[in-house]
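# A closer look at the structure
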Amino acid sequence: MQHGTCLSWGPELLWKLNRNRLNWCPHESGIVPLLTFPLASTGERFGVIRHFHPFVNKELEDCRNGTTEEPRLALSLWIYLLSWCDGAFCGILQHMDWHDTFDTPMIMLDDRGDVIFQVRLVSGEARSFRSYTALPLRVWHRLDVFMDGSKVMLKVTSHATAGAGKPYTYNFQADIRYDDTAGYFMIGGGKFMPGIKGYIGPITYHRLGGHEVWNPLSPELTALGLDQTHRVCEEVMGVILGFAQALRDTEDAQHSCRSYYMGLKQKFEHLSCRAPPLSADHRHHIVLQLLKALGRNYISGSGSETVYMRLGRWSYELAKRKLARARPGSGPVSSAVRLLQVSSCCGNSQASLLLAAVYLGSLGVREDPVKGHVYSLVGAQADGRLALMHLGYKHTQGIDGFPQDYSMAYCYYSNVGRQTCADRWTVPMTQQYTTELILLTDDEALKSQMDEDDDIFQYFKFQAERGDLEAQKTLARMLLWGEQGVSKDTEGALRWYAESAMRMTDPQAMYDYSILLLKGHGKKKNRTLGLHFLEKAASMGFPEAINGMGWYYSVFMADSSTGLRYFEKAAQTGNKDAIYNLGLLYMSGKHPKKPGKNQTAAFQHFLKASGKGHLEAGIEVAWYYATGVLPAVGRDPERAVLLLKEICEQNGYLGSILRKGLNAYLRGSRVDSLLSYLLAAETGVGVAQNNAAHLCEVLIDLGQAYGCEWRYYNQSTFNYHPHPAGLLKMGDFYYEGQNNQSQDIRLSVLMYASAALAGSPQGIFNLAAMIEMGHDIPEKILEQLKVSKQDRLDRSAVLEKLYQSCRQYENQEDVTPCSLALLRVRLSRAWRTFTSGPLRYFWACLIGSGAVLLSIIILSPIRRGVMAAQSERRGAAAAPGGQGATTASGLGWQNLQQLSDWAWCVLGGCLCVVGSVLLAQIL
């Protein structure tokens, strides 16, 4: 059948483009895995955020819409408890709506181990039921929840029993409100409820309901490894507690008055208060040896530290000393690993992290990813800052067997971010240092490090004692934060802060000292004196002090109106603290002029303050990106993770580890330095990864091959802003085929190109060198390096462009490899220009003329010799005829001399012309 009309041009073109394509519906399923890898839950307000979107498939979406009126869902999750809740409730799974209200479903745990399931009714009322489970500790439990209408069934199964779980049923007898696309889900702790203390295993969520759920414990080896490790640690803790109790009992017996009959009883019954002998429990003989070596005073000593903390710290330091003297694969390495395991059981998170690094990187022992995962989770669950950063980094990159999951990374990074902000004022400053990213291969940066005996430090001290204000402020800052290698001295810092502030002329000095007085940092709080200096600095128009006055009135005086006036005045100057404080007023709904919560205005203020480097504002911005509660902002967990990672890398504990590694390197202790940099490298700090890899290379030359150079150079290239040093090293590895890797020119080019785009002249030079060796560089890379299409047509033009770019990044005053290479390329290009095309005829004529001129020039010495001989004969001859002949010959030679002089002039002129043209071609 023929139609009288035809398709328009647009639809016909689309039909032709798609006629050979098969249309596929996107794969969708109502079964969603919320967790596939164990989550370490510290019992705080941090968890994994998940979102559900409406189905694209119309039939599935219709089914989901039906569940909002008749709720149906099925949920299965695994949990491993180390202790019950500290408070009344702790969260396992929380559903929050867009108004930060708990929604359906909610699964919680109470302080007795009972599981509580909560829903929200259509009327808005919250209802819940309690299942009297009394979940035992240190056992994997599987919780299966089935909801059908108003009826809910909970089934609890233990992995140890592997039998049918006990069901708990409840009927709410009311309409339940349920919409999984409204708001977000929190796994573990959340902003409004802490999480459990332990681990949360795989979670499977059936959005459309079901009668059965398939959710095996996975990865099983890791989950069972966690169980085994904690059970062993429980035994270790029992041994330590028993030993300590025996010592205390012995001390009490020695200092108490006993009756005569009690003494006879102990004598004949052979009772003693000694610690158990070594043969009593062979599995824990290392623990017993440590306890005996520590002695009575160390174990039963006073102070805030427990016996576990003291033993953990001591065994960790002992293990590090053993590793410093050991060779990979030797007995001392195994002994050090056992000491680290004891330290980990005592709650030392750095020992757990070092064990994870050892097993994941096969550093002196056989690689064991399962043990690496186990100790990574153990360290993070102990709330260790570096261990939390380690897991956040692994889940961000998806390396070492950890799944890439930005939401899990956000959970760990948000914890460290909060601690980073709190540590600045709540943790003793002696335990923290400013994070200084210094490469061990950077000689200039190493020379800038100093100590109290250094000439520069002594100069600052001399100037400060003379009354120089800037020297006093610099010295106070260096001593307070331990910058540039200077040891911390809080008392000395306070002295110089006071000296600079008492002059009442510098608002920065007065403000710094006032904050220390108001917060009682390093000395007892003095609100009166602190307010005096703060007011004086504010009266001089110092923005930070103006904001400080707003903070004082808001916090100490509870005068929000006056505080707002100061905040707004400081915010007008661009002060980041004031902008953040205004954001807090909008977020909490306590803005005096604009009551009620305004999340959009709060986010805008937080974003602005974060861009200026405010840490707390950055954490709030990350929360908005992670939850997506603002439609205008949207959900972007990757961006939230990147923002938090930058904040976490300013943590004072991380700075302390980096400082220890640097000091050990400057002392010449390479292994000690490596152990410190390993901890920092496992958190994803690029400079620490490069330093660890560099030390591994150095130790190879010293006969201690740890084989970690490839691992950490390679991992440093995965960062979002990798350091060029690691990129260059990996480019060399790929080009030379090192570390049991075959040569890969493509990857080598990619590494060099990444370094070049990061501003490394060495990277640009290496790319140019590869072009000269005949390797091809992708057009896209050359385009990114600003090499135009026209230049790419000529190989020498590409080289010249690259060497020019390389020269721009180098020191312009020195003769560098790039400048010499650029000169060579330009000379070669100019020579090729002269010897090709129309200029070859010019060169032919020039060479011919040069040959004639040279012939004439060569005759000049001969002419001078002949003239000298004739002069001698002229003096001997007296005949007139002879004189005439001599005169005629002299005239001939005189003409030849003029011709020679003329030839010299012409040749000199030609050389000048050639030189000028050649110089013009080069430039």
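Residues numbered from 1 in each chain as written. Predicted model: local features only at pLDDT ≥ 70, side-chain atom pairs only at ≥ 80, totals over all residues. Heavy atoms only, no water.

## Remarks on a negative patch on the surface
Side chains of Glu69, Glu70, Asp148 and Asp175 sit close together on the surface and give a patch of like negative charge. If you trace the backbone, Glu70 turns up in the loop between α2 (58–69) and β4 (72–83). (Patch = residues over 30% accessible without salt bridge, like charges linked within 9 Å, V, L, I, M, F, W, Y side chains within 5 Å. Areas by Shrake-Rupley, 256 points an atom, 1.4 Å probe, with all protein chains shown as cover. Salt bridge = Lys/Arg side-chain N within 4 Å of Asp/Glu carboxyl O. Lys, Arg positive; Asp, Glu negative; His and termini not counted. Charge placed at Lys NZ, Arg CZ, Asp CG, Glu CD. Helix = DSSP H or I, 4+ residues; strand = E, 2+ residues; numbered from the N terminus.)

## Points about the packing of aromatic side chains
By the definition in use, this model includes 25 aromatic pairs. Ring centres of Phe603 and Tyr625 lie 5.8 Å apart, and the angle between their planes is 85°; this geometry places the pair in the edge-to-face category. Here the residue Phe603 occupies a position in helix α22 (residues 599–611), and Tyr625 occupies one in helix α23 (residues 615–627), the gap between them amounting to 22 residues. Note on accessibility: Phe603 and Tyr625 belong to one class, buried. Cluster of aromatic residues (ring-pair linked, three or more members): Trp551, Tyr552, Tyr553, Phe556 and Tyr566. Seen from the ring of Phe55, Arg207 lies directly overhead, with NZ or CZ sitting 4.4 Å from the centre. Positioned above the aromatic ring of Tyr712, the side-chain terminus of Arg711 is 5.3 Å from the ring centre. (Phe/Tyr/Trp six-rings, centres within 6.5 Å; stacked < 30°, edge-to-face > 60°. Buried < 20%, exposed > 50% of the residue type's maximum accessible area, 1.4 Å probe, protein only. Lys NZ or Arg CZ within 6 Å of the ring centre and 35° of its normal.)

## Details of the state of the cysteines
Per the stated rule, a full pass over the model turns up four disulfides. Paired through a disulfide, Cys233 and Cys345 show a sulfur-sulfur distance of 2.0 Å. Taking the torsion about the S-S bond as the criterion, the Cys233 to Cys345 disulfide, at about -70°, is left-handed. Residue Cys233 is located in helix α3 (residues 220–254), and its partner Cys345 is located in helix α8 (residues 331–345); the two are separated by 112 residues in the primary sequence. Judged by its relative accessible area of 10%, Cys233 falls in the buried class. Cys345 sits in the buried class, given a relative accessible area of 14%. (Disulfide = S-S within 2.5 Å.)

## Looking at a nonpolar patch on the surface
Residues Trp9, Leu13, Leu14 and Leu17 make up a contiguous nonpolar surface patch of roughly 470 Å² in combined accessible area. Structurally, Leu13 is set in helix α1 (residues 9–18). Residue classification places Leu13 among the partly exposed residues on the basis of a relative accessible area of 34%.

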